[in-house]
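For reference, the chains in residue letters:
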Amino acid sequence: MKPRITGIHHITAIAGSPQRNIDFYTGILGLRLVKKTINFDAPGVYHFYFGDELGAPGTVFTTFPFEGAKKGVKGTGEMTYTAFSIPKNALPFWVARLENYKIPISSILKRFDETYIRFEDHDGMGIELVATEDDNRLGWSYGNIPLEYSIKGFFGATLNLKAKEATERLMTQFMDYHFIQSEGNRFRYGTQGKPGDIVDIVVDEKGKPGIQSAGTVHHIAFRTANEASQLEVQKILMENGYHVTEVKDRNYFKSIYFREPGGVLFEIATDEPGFAIDEDVDHLGELIKLPDWAEPNREKLVARLAKVKLNIEDYG
């Protein structure tokens, strides 16, 4: 049977300053700002989407930036690290680049058969860059980063949980994931086991619960092809006792949400229709786009949002 879930769709974090958020993810990391819109559930707050040229599923890191938000605390019941995929030979470039911008980074680390570095953004968001030769995605560059070193999309995600069994059952029985390998208290799962679908569970039995605020992940979204396959997933989950929301229209995809047994908010999002439905591909992210229901209040809503801009020229 063709899998209904094929990997990670997007990852959404809570942030602080909207401008610093844009500067970090476009200027320093070189991701494309593919959409500026609002948080559909809190319209006074931006929702930024960063990714590759088109914002393809598996590349999109999104943020809800709350100006003045306090920093959150990493802990159990949360996704603690977002891992991006970079070319095999790109680690020295990224070490030098991050050091140039005075961002503290780890030494070069090893895990399973991969090498990576770990650091945090200005809000404390946990980020890893994983060097791999098994990723054929093109990546993106505004020109501030050589394309041959650019981030290609997600490598994977780390869930920090007190126990893994119930979450493992959910993922392997109902979400098309399978166990790949383990190393100490880290257990790896994937759909095909390639960059863009990896989920690691780190078991921390005595860990303290995380506190969600700036610099923490709000939810992780898994990708499914279309509305039909999404409804199939929803039905399977509900029949097996998971409390799943109704389908929500997010303009660029349809979504359902539920909490996995360890406490992390999961989303299942459709690959369709994508981010080019209301902007030309060459101009993605340039305008503030609103859902139809918000358009009558555009002037009032936009007036509440801080003015932001791309400052790519400052991050050569």
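Right above here is the structure, for reference.
Heads up: these notes are all about the structure in this document. What you see is a predicted model, and the numbers here were worked out from it, not measured in a lab.

### Details of the pattern of salt bridges
Then comes step 1: This model, assessed by the stated rule, comprises 18 salt bridges.
Then comes step 2: K35 is the partner of E279 in a salt bridge, and the nearest nitrogen-oxygen pair spans 2.7 Å. On the criterion of sequence distance, the pair formed by E279 in the loop between β16 (265-270) and α5 (298-303) and K35 in strand β2 (residues 32-39) is long-range, its members being 244 residues apart. Pair check on accessibility: E279 and K35 agree, each one buried.
Then comes step 3: Note that E114 is salt-bridged to R111, the shortest N-O span being 3.0 Å.
Then comes step 4: What makes E114 buried here is its relative accessible area of 5%.
Then comes step 5: For R111, a relative accessible area of 4% translates into the label buried.

### As for the nonpolar core
Then comes step 1: The biggest cluster of nonpolar side chains holds 67 residues, and the ones touching the most others in it are L29, F222 and F266.
Then comes step 2: Here F222 is in contact with I5, G7, I8, H9, M171, M175, Y177, V199, F266, E267, I268 and A269, once residues within four sequence places are set aside.
Then comes step 3: Residues Y49, V60, Y252 and F253 belong to the second largest nonpolar core, which totals 9 residues.

### Considerations on helix α4 (residues 227-239)
Then comes step 1: The terminal C-alpha atoms of α4 lie 18 Å apart, and with 13 residues this matches the ideal 18 Å at 1.5 Å per residue to within 8%.
Then comes step 2: By the burial criterion, the buried members of α4 are S229, Q230, V233, Q234 and L237. The buried residues of α4 occupy an angular sector of 145 degrees when projected down its axis, which confines them to one face. In α4, those exposed residues whose orientation departs by more than 90 degrees from the buried face are K235 and E239.
Then comes step 3: Against β1 (5-15), α3 (165-174), β13 (216-224), β15 (254-259) and β16 lie the buried residues of α4.
Then comes step 4: With a side-chain oxygen lying 3.2 Å from the backbone nitrogen of A228, the N-terminal cap of α4 falls on N226.
Then comes step 5: Count one or two residues on from α4 and you reach G241, which has phi positive near 90 degrees.

### Focus on the packing of aromatic side chains
Two numbers describe a pair of aromatic rings. These are the distance of the centres and the angle of the planes.
Then comes step 1: Considering all chains together, one arrives at 22 aromatic pairs under this definition.
Then comes step 2: Seen from their ring centres, F258 and F266 are 5.8 Å apart, and the 80 degrees between their planes marks the pair as edge-to-face. F266 shares its class with F258; the two are buried.
Then comes step 3: Taken together, the aromatic side chains of F24, Y25, Y46, F48, F50, F61, F84 and F154 make up a single cluster linked through ring pairs.
Then comes step 4: Over the ring of W140 we find R32; its NZ or CZ atom is 4.7 Å from the centre of that ring.
Then comes step 5: Lying over the aromatic face of Y81, R118 brings its terminal NZ or CZ to 3.8 Å of the ring centre.

### Quick word on unusual backbone geometry
Most of the time, phi is negative for any residue but glycine, and the peptide bond is trans.
Then comes step 1: Cis peptide bonds are those with omega within 30 degrees of zero, and the linkage from E272 to P273 qualifies with 0 degrees.
Then comes step 2: We note that K102 has phi near 60 degrees; this positive angle belongs to a residue other than glycine.
Then comes step 3: Considering the arrangement of structural elements, one finds K102 in the loop between α2 (91-100) and β6 (109-111).
Then comes step 4: On the basis of relative accessibility, which here comes to 72%, the residue K102 falls in the exposed class.

### Details of the sheet that holds strand β11 (residues 186-190)
Then comes step 1: Within the open sheet, the 8 strands sit side by side as β6-β7-β8-β5-β9-β12-β11-β10. Their pairing is mixed. Strands at the two margins of the open sheet, each flanked by one partner only, are β6 and β10 (178-183). Taken over all neighbouring pairs, the strand axes of this sheet differ in orientation by 30 degrees on average, direction set aside.
Then comes step 2: Where β6 lies against strand β7 (residues 114-120), 3 bridges are found, and the strand directions are antiparallel. When the bridges of β7 are listed, R111 appears paired with E114.

About the criteria used
Residues numbered from 1 in each chain as written. Predicted model: local features only at pLDDT ≥ 70, side-chain atom pairs only at ≥ 80, totals over all residues. Heavy atoms only, no water. Salt bridge = Lys/Arg side-chain N within 4 Å of Asp/Glu carboxyl O. Helix = DSSP H or I, 4+ residues; strand = E, 2+ residues; numbered from the N terminus. Buried < 20%, exposed > 50% of the residue type's maximum accessible area, 1.4 Å probe, protein only. Core = buried A, V, L, I, M, F, W, Y, C linked by side-chain atoms within 4.5 Å. Contact = heavy atoms within 4.5 Å. Expected span 1.5 Å × (residues − 1). Arc of directions from axis to C-beta. Polar contact = N/O pair within 3.5 Å; in protein donor to acceptor, adjacent residues only side chain to side chain. Phe/Tyr/Trp six-rings, centres within 6.5 Å; stacked < 30°, edge-to-face > 60°. Lys NZ or Arg CZ within 6 Å of the ring centre and 35° of its normal. Pairing = 2+ DSSP bridges. Axes fitted to C-alpha atoms, helices over the stretch in contact; angles between N-to-C directions.

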